[in-house]
2 protein chains.
Amino acid sequence: MAVDGSHPYFPRDVVVPGYAANTAPLLFILTSFGGIIGALLFGCVTFATWYSTALKRGEQLTIAWFSLCGFLHLFFEGYFVLNHATIPSSQSLFAQLWKEYALSDSRYMTSDPFMLCIETLTVLIWGPLSFATAVLAARNRPREQGARHLLQAVVCVGHLYGVALYYGTCGFAEHMRGLSYSRPEPVYYWGYYVGMNAPWVVVPCVLLWQGGNAIQAAFREVAEGVEGKKGL
Amino acid sequence: MAVDGSHPYFPRDVVVPGYAANTAPLLFILTSFGGIIGALLFGCVTFATWYSTALKRGEQLTIAWFSLCGFLHLFFEGYFVLNHATIPSSQSLFAQLWKEYALSDSRYMTSDPFMLCIETLTVLIWGPLSFATAVLAARNRPREQGARHLLQAVVCVGHLYGVALYYGTCGFAEHMRGLSYSRPEPVYYWGYYVGMNAPWVVVPCVLLWQGGNAIQAAFREVAEGVEGKKGL
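Per chain, residue numbering runs from 1 following the sequence as it is written. Here chains are named by letter from A upward and ligands by number from 1 upward, in the order in which they appear as written. With pLDDT at 70 or above as the cut-off, local features in this predicted model cover only qualifying residues; side-chain atom pairs require 80 or more to be listed or tallied, and sums for whole chains, interfaces and linings still use all residues. Only hydrogens and water are removed before side-chain values are computed, so all heavy atoms of the structure are retained for them.

- Named according to an unreviewed UniProt entry, chain A is Emopamil-binding protein originating from Parathielavia hyrcaniae.
- UniProt positions are given in the numbering used here, feature names are shortened, and annotations may be inferred rather than shown by experiment. On record in UniProt, under Subcellular location (unreviewed entry), the comment for chain A is "Membrane".
- Annotation of chain A in UniProt includes, under Sequence similarities (unreviewed entry), the sentence "Belongs to the EBP family."

Right, here's the structure in full:
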């Protein structure tokens, strides 16, 4: 990593108070994080499949997705919201992960008001709602399917709008102000910034489509029931 | 209006290129805008009631709301997105309205990347979806109620998240950076900034609650139908 000043972040003149380079090897922090996430998802899906034995593969994946979102929103992004000012100088696992990710978006190192705002809303709103959606999907009760599909749609819209604003604010900052928050190396821009957020474009689209179809099917069934009773 | 420099906006050192004070009286631009909106809503609701004679009062109000949102998003906010750079010097009706509103939020005068980003998404996504929701509500067809309630929920979440970010970014900018984008007079902060955006907190909450209940009721009816067939 070329460090031509006190920190490796872009734009080069951005101020990152108290920055201290990560002490743990990159492979260690990434595999630690991957391990925590893998164990969590395995635990959630195993528990859900034990609780509702009839869960289909698609439902298991949905539960894994919303558990992942709930964990990242509440704990990883919650850590950022609570510690944003001290992360640059900290060496905890989450702080080192944030310092690594911020190579692709330095706003996480500068207490940027937009990032703090959207992350606070993510922690307070999308975190609990993601877990609630996972729980309703795991319970798999016919009478709760309305609440479940409503919540699923709500969280998916939140994710899509959030990621659109996340990419969009960067795009407009670059277009309007000539500011780039990412280091220029492809691994940071395409790997971290684009690649790590792309799932929150693709998966919510799929789940919104799927949940939307379920909602429309339910209303059609009700309409057909009413038409049937009328003898239409 | 105390103008101690070249423009009346806050913070006082913000740069507003080419600012020219409004030439039309405030009462004139406000009543013109109110007249356009009043005529549009009257037209939309009258047409919808003529098309679907059985529309209840609540549905008429819902149609009026989404027509209002569609108009504001596509045309008023669309005007901002297309002309943000020249609004400070323009004297068109919409430009004068934006210059007046910006007394409560100068980001509309400075091509602020966050405002451009969220307004562009509002124009492209929430404008068309608001009109689509109004059309589906006006058609009032039983088999389209699924799509209608899904769209209604989607747009309401978009509005709630949007207004939370709109207020939130201002709040964090003030808290983190000591920046205030509004003039200090209560009419601007409480009247324009808080008051004119508050409907996008209150109404989407009501409509999301209402639409959410309709979705849950439809799934319950389907579940009861299945239970009935099983003889439970």
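Once you've had a look at it, read on.
1. Structural notes on the overall build of chain A
Okay, so step 1: For chain A, the count of helices and strands is 7 helices and 0 strands.
Okay, so step 2: Helix numbering and strand numbering both begin at the N terminus, where a helix is a DSSP run of H or I of at least 4 residues and a strand a DSSP run of E of at least 2. The linear arrangement of helices and strands in chain A, starting from the amino end, is α-α-α-α-α-α-α.
Okay, so step 3: Based on the C-alpha atoms only, the size of chain A along its principal axes is roughly 80 × 40 × 30 Å.
Okay, so step 4: The classification of residues rests on relative accessible area computed with a 1.4 Å probe and restricted to protein chains. Under 20% of the type maximum is buried, over 50% is exposed, and intermediate values are partly exposed. In chain A, which comprises 232 residues, the proportion classed as buried is 52%.
Okay, so step 5: Across chain A, the fraction of contacts at a sequence separation of at least 24, relative to all contacts at a separation of at least 6, is 74%.
Okay, so step 6: Residue burial considers only the protein chains on display, and all accessible areas are found by Shrake-Rupley using a 1.4 Å probe. Summed over all atoms, the accessible surface of chain A reaches about 10600 Å², with 69% contributed by carbon and sulfur. Here, two residues are considered to be in contact whenever any of their heavy atoms come within 4.5 Å of each other.

2. Here we look at the packing of aromatic side chains
Residues and elements named next belong to chain A.
Okay, so step 1: Put simply, two rings from Phe, Tyr or Trp (the six-membered ring, in Trp's case) pair if the centres are within 6.5 Å, and we call them stacked under 30 degrees between planes, edge-to-face over 60, tilted for the rest. If you walk through the whole model with that rule in mind, you get 48 aromatic pairs over all chains.
Okay, so step 2: Centre to centre, the rings of Phe33 and Phe94 are 6.0 Å apart; their planes meet at 90°, and the pair counts as edge-to-face. Taken as a pair, Phe33 in helix α1 (residues 26–51) and Phe94 in helix α3 (residues 93–101) lie far apart in primary sequence, 61 residues in all. The exposure classification of Phe33 matches that of Phe94, with both residues buried.

3. Examining the relation of the copies chain B and chain A
Related by rotation about an axis and a shift along that axis, the two copies of the chain form a pair.
Okay, so step 1: The copies were overlaid with a least-squares fit restricted to C-alpha atoms from residues scoring a pLDDT of at least 70 in each copy. Expressed as a screw transformation, the operator carrying chain B onto chain A has a rotation angle of 180° and an axial translation of 0.0 Å, and the superposed copies differ by an RMSD of 0.0 Å. Read as a symmetry element, the transformation amounts to a two-fold axis. The rotation axis passes nearest to the C-alpha of Ala218(B) in chain B, at a distance of 3.0 Å.
Okay, so step 2: Looking at the interface residues of chain B, 100% of them are also at the interface in chain A, so both copies use one shared face.

4. What about the packing of helix α2 (residues 57–83) of chain B against helix α5 (residues 145–177) of chain B?
All names here are of chain B.
Okay, so step 1: A fitted line through C-alpha atoms represents every axis, and for helices the fit uses only the stretch in contact; the resulting angles, taken between N-to-C directions, go from 0 to 180 degrees. Close contact between α2 and α5 brings their axes to 13 Å; oriented N to C, the two are set at 50°. Considered as vectors, α2 and α5 are oriented oblique to each other. Here α2 and α5 pass one another in a crossing that is left-handed. Across from Glu59, Thr62, Trp65, Phe66, Cys69 and His73 in α2, the residues of α5 making contact are Arg148, Gln152, Val155, Cys156 and His159. Angle categories: roughly parallel below 35 degrees, roughly antiparallel above 145, roughly perpendicular from 65 to 115, and oblique for all the rest. Put simply, a crossing is left-handed when the front helix is turned counterclockwise from the back one by less than a right angle, and right-handed when it is turned clockwise.

5. Concerning the side chain of Glu77(B)
Residues and elements named next belong to chain B.
Okay, so step 1: The topology assignment puts Glu77 in helix α2.
Okay, so step 2: Within the buried set, Glu77 has no salt-bridge partner at all; the shortest N-O distance to an opposite charge, 11 Å, is to Arg107.
Okay, so step 3: In protein, a polar contact requires one atom able to donate a hydrogen and another able to accept it; more generally it is a pair of N or O atoms within 3.5 Å, and residues adjacent in sequence count only if both atoms are side-chain atoms. A polar contact of 2.7 Å, which involves the side chain of Glu77, links it to the side chain of His73. Counted charges follow a simple rule, with Lys and Arg positive, Asp and Glu negative, and His plus the chain ends left uncounted. Take a side-chain nitrogen of Lys or Arg and a carboxyl oxygen of Asp or Glu: if they are within 4 Å of each other, that pair is a salt bridge.

6. Here's the deal with α3(A)
All names here are of chain A.
Okay, so step 1: Of all 9 residues in α3, 8 are buried; the element is thus mostly enclosed.
Okay, so step 2: Among the residues of α3, Phe94, Ala95, Gln96, Leu97, Trp98, Lys99, Glu100 and Tyr101 are the ones counted as buried.
Okay, so step 3: Those residues of α3 hidden inside the fold are in contact with α1, α2 (57–83), α4 (113–139), α5 (145–177) and α6 (186–195).

7. A look at the pattern of salt bridges
Any two side chains of opposite charge can pair, on the condition that their charged atoms come close.
All names here are of chain A.
Okay, so step 1: According to the stated counting rule, one finds 10 salt bridges over all chains in the structure shown.
Okay, so step 2: With its nearest N and O atoms 2.6 Å apart, the salt bridge here joins Glu59 to Arg148. Placement of the pair is Glu59 in helix α2 and Arg148 in helix α5, with a sequence separation of 89 residues.
Okay, so step 3: Residue classification places Arg148 among the buried residues on the basis of a relative accessible area of 1%.

8. Re unusual backbone geometry
Residues and elements named next belong to chain A.
Okay, so step 1: Residue Phe10 is joined to Pro11 through a cis peptide bond whose omega torsion reads -5°.
Okay, so step 2: When you line up the elements, Pro11 lands in the segment before α1.
Okay, so step 3: With phi around 55°, Asn140 is a residue other than glycine that occupies positive phi space.
Okay, so step 4: Assessed through its relative accessible area of 31%, Asn140 is described here as partly exposed.

9. Regarding the state of the cysteines
Okay, so step 1: Cysteine sulfur atoms are paired as a disulfide whenever they fall within 2.5 Å. Throughout the structure, instances matching the rule amount to 0 disulfides over all chains.
Okay, so step 2: The cysteine Cys170(B) is free of any disulfide, with Cys117(A) supplying the nearest cysteine sulfur at 9.4 Å.
Okay, so step 3: Residue class for Cys170(B) comes out buried when judged on its relative accessible area of 9%.
Okay, so step 4: With no disulfide of its own, Cys205(B) has Cys156(B) as its nearest cysteine by sulfur position, at a separation of 8.6 Å.

10. Considering the UniProt feature "transmembrane region" (unreviewed entry) in chain A
Okay, so step 1: Per the UniProt annotation, the sites labelled "transmembrane region" (unreviewed entry) are residues 26–51, 63–82, 113–138, 150–169 and 189–209 of chain A.
Okay, so step 2: Segment residues 113–138 of chain A splits into 100% helix and 0% strand. End C-alpha atoms: 36 Å apart.

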